[in-house]
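# Observations on the three-dimensional arrangement
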Amino acid sequence: MATTVHVDIVSAEGEIFSGEASMVFAPAVMGEIGIAPRHAPLLTTLKPGEVRVQTPAGEEHFFFVSGGAIEIQPHLVTVLADTALRAHDLDEAAALQAKQRAEEALRDRGDKVEVAEAQAELARAVAQIRAIEKLRKIKG
Amino acid sequence: MPGVKEIRIKIASFKSTQKITKAMEMVAASKMRKAQERMRATRPYAEKIRRVIGHLRHANPDFKHPYLVEREPKAVGFIVISTDRGLAGGLNVNLFKATLAAMRDWQQQGAEVSLCLIGSKGVQFFRRLGNVQTLATVTHLGDRPHVSDLIGTVKVMLDLYKEGKLDRLFLVHNVFVNTMSQKPVVRQLLPVISEDEDKLQKLWDYIYEPSAGDLLEGILMRYIESQVYQGAVENVACEMAARMVAMKSATDNAGKLIEELQLIYNKARQAAITKEISEIVGGAAAV
């Protein structure tokens, strides 16, 4: 009996993860989704956040995605990440800086495009910080 | 007969040029390896996204997105990826020739041609041409192009396509055959040509969040972007390979020239010594 699902996480700039998982969590646009093996086919877009992959061995991998799409089939999950980096590669300082910059840009209130860009950047930075904090808790 | 000193200076200058070309060759070789790795890294994404598009089209055969529908080609767009810097042999020239040939074909069919240029060599070349419209340009992507640098430029063309102001979109870039040869290709981006249409499985459909149309739009857009990105990365690998070969032959040529000059130099020096001796001998005889 297959109790695992194959997960591929790819971004345009390279492959990030490929392997079996017993459970996958992803930040879909309509809210976080958990995917168990033999999930019904689903296609949805992702918002910035973390993708969590639980391996059959009980390990948990975190990947930060800044958007993208996820395709789910009963035995296959494909995450098409816009830009995904390994969570432990994330530079917390850079994330904080990005957040500050985004907040400053928000305060300035330029035209609509600038505000939208800043909001997106803010969401990304917050998600990055959360991913790092979670990782810390696990390590500590 | 040029003076001995002039020849010596010339040899020294050739030697320093040779050092530069040798260094450029080695730099290009190491950059080429890295670019090839990045080229390989882009493949999984393109494969997976193609698979998702394939699934989508199987699941919704009657859903027609403008990116998938063939139209009468009245206006044609080209995205041309060239290098930012020269000294890469005939790489850019061959690419431009291929572009011009494709453009002429479409113009003869009565289609309007417009361009989107990536890389400053292309910008310089097509600026002089004058008879085509350049809609968007992006230059100085460096040795590691990023998808984010390309999104805006590609979007210009995609938007025009969606508005019906472009009916075909092509991508022109160099394909890395091997270190010694790079080949310019013109590939159709839009409408998306579907492959392996035949293996229609049993009918099933996805659950869509939010709607199928929006999803397909987003995924197709990313697909096009990834294709352009792949082209840009491959072009970097081609640039480095072409530069490596060009610099290697430059180094070899400099070596040959130095050898020849060295011979002339030796002869000139010998002639000068012989002349001096005969003068001394002649002078002694006269005394």
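Residues numbered from 1 in each chain as written. Chains lettered and ligands numbered in written order. Predicted model: local features only at pLDDT ≥ 70, side-chain atom pairs only at ≥ 80, totals over all residues. Heavy atoms only, no water.

## Overview of the overall build of chain B
Counting its regular elements, chain B contains 6 helices and 6 strands. Reading chain B from its N end, one meets helices and strands in the order α-α-β-α-β-α-β-α-β-β-β-α. A compact globule built from 287 residues should have a C-alpha radius of gyration of about 19 Å, whereas chain B, at 28 Å, is more than 25% larger. Among the 287 residues that make up chain B, the fraction classed as buried is 44%. For chain B, the proportion of contacts with a sequence separation of at least 24, taken over those separated by at least 6, is 78%. Surface exposure of chain B reaches about 15200 Å², of which carbon and sulfur atoms provide 56%. Across chain B, 41 positive and 31 negative side-chain charges occur, with their mean positions spaced 8 Å apart. (Helix = DSSP H or I, 4+ residues; strand = E, 2+ residues; numbered from the N terminus. Rg over C-alpha atoms; globule rule 2.2 N^0.38 Å. Buried < 20%, exposed > 50% of the residue type's maximum accessible area, 1.4 Å probe, protein only. Contact = heavy atoms within 4.5 Å. Areas by Shrake-Rupley, 256 points an atom, 1.4 Å probe, with all protein chains shown as cover. Lys, Arg positive; Asp, Glu negative; His and termini not counted. Charge placed at Lys NZ, Arg CZ, Asp CG, Glu CD.)

## Brief notes about helix α3 (residues 91-108) of chain B
All names here are of chain B. Across its 18 residues, α3 extends 26 Å between first and last C-alpha, which sits within 8% of the 26 Å expected from 1.5 Å per residue. Turning to α3, its buried residues number three or more, namely L91, N92, L95, F96, T99, A102, M103 and W106. Down the axis of α3, the smallest arc covering the buried residues is 130°, so these residues share one side. With respect to the buried face of α3, the exposed residues turned more than 90 degrees away are K97 and Q108. The inward-facing, buried residues of α3 contact β1 (75-81), β2 (112-118), α4 (120-129), β4 (168-176), β5 (182-190) and α6 (212-286). Of the residues one or two after α3, G110 is the one with positive phi, at around 85°. (Expected span 1.5 Å × (residues − 1). Arc of directions from axis to C-beta.)

## Digging into the nonpolar core
With 61 residues, the main nonpolar core has I79, L150, I224 and V228 of chain B as its most contacted residues. For this core, the leading source of residues is α6 of chain B, giving 18 residues. In contact with V228 of chain B, other than residues within four places in its own chain, are I79, I81, I118, L150, V154, L171 and L189 of chain B. Counting residues in each nonpolar core, the second largest holds 22 residues, with L42, V51, V53 and I70 of chain A among its members. (Core = buried A, V, L, I, M, F, W, Y, C linked by side-chain atoms within 4.5 Å.)

## A short note on the pairing of strand β3 (residues 23-28) of chain A
All names here are of chain A. Counting buried positions along β3 yields 5 of 6 residues, so the element is predominantly enclosed. The pairing of β3 with strand β6 (residues 49-54) spans 3 bridges and is classified as antiparallel. Directly across from V24, in β6, lies its bridge partner V53. Hairpin connection between β3 and strand β4 (residues 31-35): a loop of 2 residues separates the two successive antiparallel strands. (Pairing = 2+ DSSP bridges.)

## Examining the domain arrangement of chain A
Residue and element names in this part refer to chain A. As assigned here, chain A comprises domain 1 (5-87) and domain 2 (90-139). Taken together, the contacts link 10 residues of domain 1 with 10 residues of domain 2. Here domain 1 packs against domain 2, burying approximately 890 Å² in sum over the two surfaces, 72% of which is carbon and sulfur. Between domain 1 and domain 2 we count 0 residue pairs in polar contact (both at pLDDT 80 or more) in total. Only β6, β7 (60-65) and β10 (84-86) provide two or more residues apiece to the side of domain 1 that touches domain 2. Here the residues of the side of domain 1 that touches domain 2 are counted per class, giving 5 nonpolar, 2 polar and 3 charged. (Domains from an automatic or database assignment. Buried area = accessible area lost by both parts, 1.4 Å probe. Polar contact = N/O pair within 3.5 Å; in protein donor to acceptor, adjacent residues only side chain to side chain. Nonpolar A, V, L, I, M, F, W, Y, C, P; charged D, E, K, R; others polar.)

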